Amino acid sequence: MEITVKSGGAAKQQTQCLVLFTDAKGELPAFSSVDQETGGLLSALVARGDLKQSAGQTLMVPTVTGIKAERVLLVATGEELKAAAAEKICAGVARALIGARVQEAVIAFDDLELEDRDSTWLLNILSREIVSAGYTFNEFKSKKADKDAAKLEAVTLLQAGRKALEENKVAAAQGVATANGMALARDLGNRPGNACTPKDLTEEAKKLAKGVAKLSVKALGEDEMTKLGMHSFMSVSKGSSEEGQLIIMDYKGGQKGDQPIVLLGKGITFDTGGISLKPGAAMDEMKFDMCGAASVFGTMKTIIELELPINVIGMVAAAENMPAGNASKPGDIVTSMSGQTIEILNTDAEGRLVLCDALTYAERFKPKAVVDIATLTGACIFALGHTISALLSNNDELADSLFSAGNVAGDKAWRLPLDDSYQKQLDSNFADIANIGGRPAGTITAGCFLSRFAKEFPWAHLDVAGTASKSGGDKGATGRPVPLLVQYVLDQVS
Ligand code: BES
Ligand code: MN
Ligand code: ZN
């Protein structure tokens, strides 16, 4: 998909579909000239009430005369032109264009002037939504998608004048790159456990590094991790015949010596629960338990595409959680790489067991900040549902940056307290710490567990159990929180 930004007159555009926006009053403002050329057809349709006046509603006018466009898509903006409405509008435009089966379109975006955001924000989100709306996942369908199915291939974002033209081009490129990163995250997330093993993820990392001089990839196998004393990681991985991997993608786009940002993803390629076996219903969805890792891959892809001048290390703790004769048992005690001993009271709380050793490993990078992303707790879905990710942190500045990045990117996170008062829920009679803290505040106690291994750097944890994938008819990976992470990284560059 190609998205270009240019300046020119809307009426003159030779296109399969010209997209025009109505204003808060439900009228066609700056494009009255287009309307005149069509003999007043567009304004008549709007006046007749054919276009519902709420944000993101669309009306496809399939034939028009008097202008060069073959069709016109009218889009309602609603009364309050703010960021939240713009997200709906962008999604509406994207859906309508894909649904109309056009290959190419011109969007005259001048009239979408927002009260609380500038044009660069709008073009970023619009580009991202348009590319994302065309996402499909057919890797495992034996009949390849209809070859002559119409596909949206090119979109022009048209502005009348030249104001901020260069900035707008950059913003559109960022939106496209973010969507491409999300698509990678979705592809990896949607792959089944048998086609997305820890070693498969290592291969993906190597693929990402191909031809990219700034990215080097290394993966530790189980022998190396055992030697390093990562017995917590190994307590999960040992029960599977698939070898666990600690994947390190080192992107050096910044100055030598600049402290890197570390993004660490939970990569449980399938979570059966282990000996604390999960119930069977919807267990297939535990293939999504590597969506944190997938978001790290996706964000790295976007960073590479944009050639961002920053040092970022993407780490993935990849393992499969299986019940087996040699799997960990409830009550087993292991020594983590940090030296702290852990009583494994529930083998289904495996994410924190692989992440804690990865956090200790991250110390060697002397990171500016470490952000881990994990489908860590079912409790997170009870707390925040499927629209907002949980954010916990030992550093207010980092937490604020991630919170605001989420708001800007339309990929929200909400901070939960990492208060010391919760730590005692992790007390163990037999070891330094237990791997579960009981039913109350399950997302927080999971964060508390990780915090014990994140004392050497500013650290934040994103629990994306509710946001990284969808169930039901829409079952699939969402690509979140790639937009949040990309925005956070962009904010660190500028
Ligand atoms: N991967 C799950 C968390 C999860 C549940 C993600 C549902 C997405 C949807 C995690 O490994 C897990 O099993 N957590 C347990 C922790 C508990 C044993 C303390 C949970 O949430 O039940
Ligand atoms: Mn689990
Ligand atoms: Zn899990």
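Reference entry: report on the structure contained in this document. (Residues numbered from 1 in each chain as written. Chains lettered and ligands numbered in written order. Predicted model: local features only at pLDDT ≥ 70, side-chain atom pairs only at ≥ 80, totals over all residues. Heavy atoms only, no water.)

What about the nonpolar core?
Generally speaking, nonpolar side chains in soluble globular proteins are found buried as a group. Heads up, the rule is: What is meant by a nonpolar core is a set of buried Ala, Val, Leu, Ile, Met, Phe, Trp, Tyr and Cys residues, joined one to another through side-chain atoms within 4.5 Å. Remark: exposure states derive from per-residue accessible area (1.4 Å probe, protein chains only) relative to the maximum for the residue type, with buried under 20%, exposed over 50%, and partly exposed in between. Helix and strand labels come from DSSP, where a helix needs a run of H or I of at least four residues and a strand needs a run of E of at least two; each type is numbered from the N terminus. We call two residues in contact whenever any of their non-hydrogen atoms come within 4.5 Å of each other.
Ranked by internal contacts, the top residues of the largest apolar core, which has 51 residues, are Met249 and Phe297. Per-element accounting of this core gives the leading share, eight residues, to helix 9 (residues 291–306). Residues in contact with Phe297, not counting those within four places in the same chain, are Leu184, Leu188, Leu201, Glu204, Ala205, Leu208, Ile247, Met249 and Val316.

A short note on the sheet that holds strand 1 (residues 2–7)
Where we set the bar: When DSSP locates at least two bridges between a pair of strands, those strands are taken to pair. Throughout, an axis means a line fitted to C-alpha atoms (over the contacting stretch in the case of helices), and angles, computed between N-to-C directions, take values from 0 to 180 degrees.
Spatially, 1-6-5-2-4-3 is the arrangement adopted by the six strands of the open sheet, whose pairing is mixed. Looking along the sheet, the strands with just one partner apiece sit at the ends: strand 1 and strand 3 (58–61). Across this sheet, the average inter-strand angle for adjacent strands is 20°, counted without regard to direction. Direction of pairing for strand 1 relative to strand 6 (residues 154–159): parallel, over a ladder of six bridges. Pairing of Ser7 across the sheet is with Gln159, part of strand 6. Sitting on the sheet, helix 3 (residues 83–99) is in contact with strand 2 (18–21), strand 3, strand 4 (72–75) and strand 5 (104–108), with an inclination near 155° to strand 4.

Notes on the coordination of the zinc ion (ligand 3)
When a metal holds four donors in a tetrahedron, each ideal angle between them is 109.5 degrees; when it holds six in an octahedron, the ideal angles are 90 or 180 degrees. Here is the rule we go by: Note that water is not among the atoms considered, so a metal site may appear incomplete; the donors listed are N, O and S atoms within 2.8 Å of the metal, with 3.2 Å applied to Na, K and Ca. Geometry is assigned from the angles between donors: four donors with all angles from 85 to 135 degrees make a tetrahedral site, four or six donors whose opposite pairs exceed 155 degrees while the rest stay between 65 and 115 make square planar or octahedral sites respectively, and everything else is labelled irregular.
Donor atoms from the polypeptide that bind the zinc ion (ligand 3) are Lys266 (NZ), Asp271 (OD), Asp289 (OD) and Glu350 (OE), placed at 2.0 to 2.4 Å. Of note is the zinc ion (ligand 3), whose six donor atoms meet at the metal with angles of 78 to 176° in an arrangement that counts as octahedral. Between the zinc ion (ligand 3) and the manganese ion (ligand 2), a separation of 3.1 Å is found, and both are coordinated by Asp271. Its relative accessible area of 2% is what places Lys266 among the buried residues. Using a relative accessible area of 3% as the deciding quantity, one classes Asp271 as buried.

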